[in-house]
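Residue strings, one per chain:
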Amino acid sequence: MAITVQNFIKLANLYNQMTMVMSAICVQKGGIAMENYVGRFFLADVLEYVYEYGRRLIEVNKNSVPADVVSVIKRFGEQYERVKGLTTPTQKPIYEMTLEEFERIMNI
């Protein structure tokens, strides 16, 4: 997948949709706090991926990324800093793994 603004927007929309679904799940499960929901770890991993994709997008396409997209990436970065302790610990971040490494870690 080429690092493009359109792909970043799709990933950002995925993250936002997942946040809404997580909120709905918490309500459905009796109003548990989102910070007590086990899915917060997965959502933190997704946020890490989306933020890293955006950071690399800016790095690769320095002057061609629209200012509004840059501000969204910065906002994701701020959110990520607040939850980075929840991400899955690995020796290597998922976004830097080869498919073979990922399959080995996931026991696929």
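The structure presented is a predicted model; accordingly, all values stated were derived computationally and were not measured. (Residues numbered from 1 in each chain as written. Predicted model: local features only at pLDDT ≥ 70, side-chain atom pairs only at ≥ 80, totals over all residues. Heavy atoms only, no water.)

Caption draft 1: Examining helix α3 (residues 67–83) more closely. Across its 17 residues, α3 extends 25 Å between first and last C-alpha, which sits within 8% of the 24 Å expected from 1.5 Å per residue. Among all positions of α3, only V69, I73, F76, G77 and Y80 are buried. For α3, the angular spread of buried residues about the axis comes to 110 degrees, placing them on one side. Among the exposed residues of α3, those oriented more than 90 degrees off its buried face are A67, D68, K74 and R82. On its buried face, α3 is in contact with α1 (5–28) and α2 (40–60). (Helix = DSSP H or I, 4+ residues; strand = E, 2+ residues; numbered from the N terminus. Expected span 1.5 Å × (residues − 1). Buried < 20%, exposed > 50% of the residue type's maximum accessible area, 1.4 Å probe, protein only. Arc of directions from axis to C-beta. Contact = heavy atoms within 4.5 Å.)

Caption draft 2: Quick look at the packing of α1 against α3. Running from N to C, α1 and α3 cross one another at 40 degrees; their axes reach a closest spacing of 12 Å. Classified by the angle between their axes, α1 and α3 sit oblique to one another. In this structure, α1 meets α3 at a crossing whose hand is left-handed. Counted together, V5, F8, A12, Y15 and N16 of α1 and V69, V72, I73, F76 and Q79 of α3 form the full contact between these two elements. Residue classes in the contact of α1 with α3 are distributed as 8 nonpolar, 2 polar and no charged. (Axes fitted to C-alpha atoms, helices over the stretch in contact; angles between N-to-C directions. Parallel < 35°, antiparallel > 145°, perpendicular 65-115°, else oblique. Left-handed = near helix turned anticlockwise from the far one by under 90°. Nonpolar A, V, L, I, M, F, W, Y, C, P; charged D, E, K, R; others polar.)

Caption draft 3: Fine view of the packing of aromatic side chains. Evaluated as defined, the whole model comprises 4 aromatic pairs. Geometrically, the ring pair formed by F8 and F76 is edge-to-face, given 6.1 Å between the ring centres and 70 degrees between the ring planes. Of the two residues, F8 sits in helix α1 while F76 sits in helix α3, which places them 68 residues apart along the sequence. F76 matches F8 in its accessibility class, with the two residues each being buried. (Phe/Tyr/Trp six-rings, centres within 6.5 Å; stacked < 30°, edge-to-face > 60°.)

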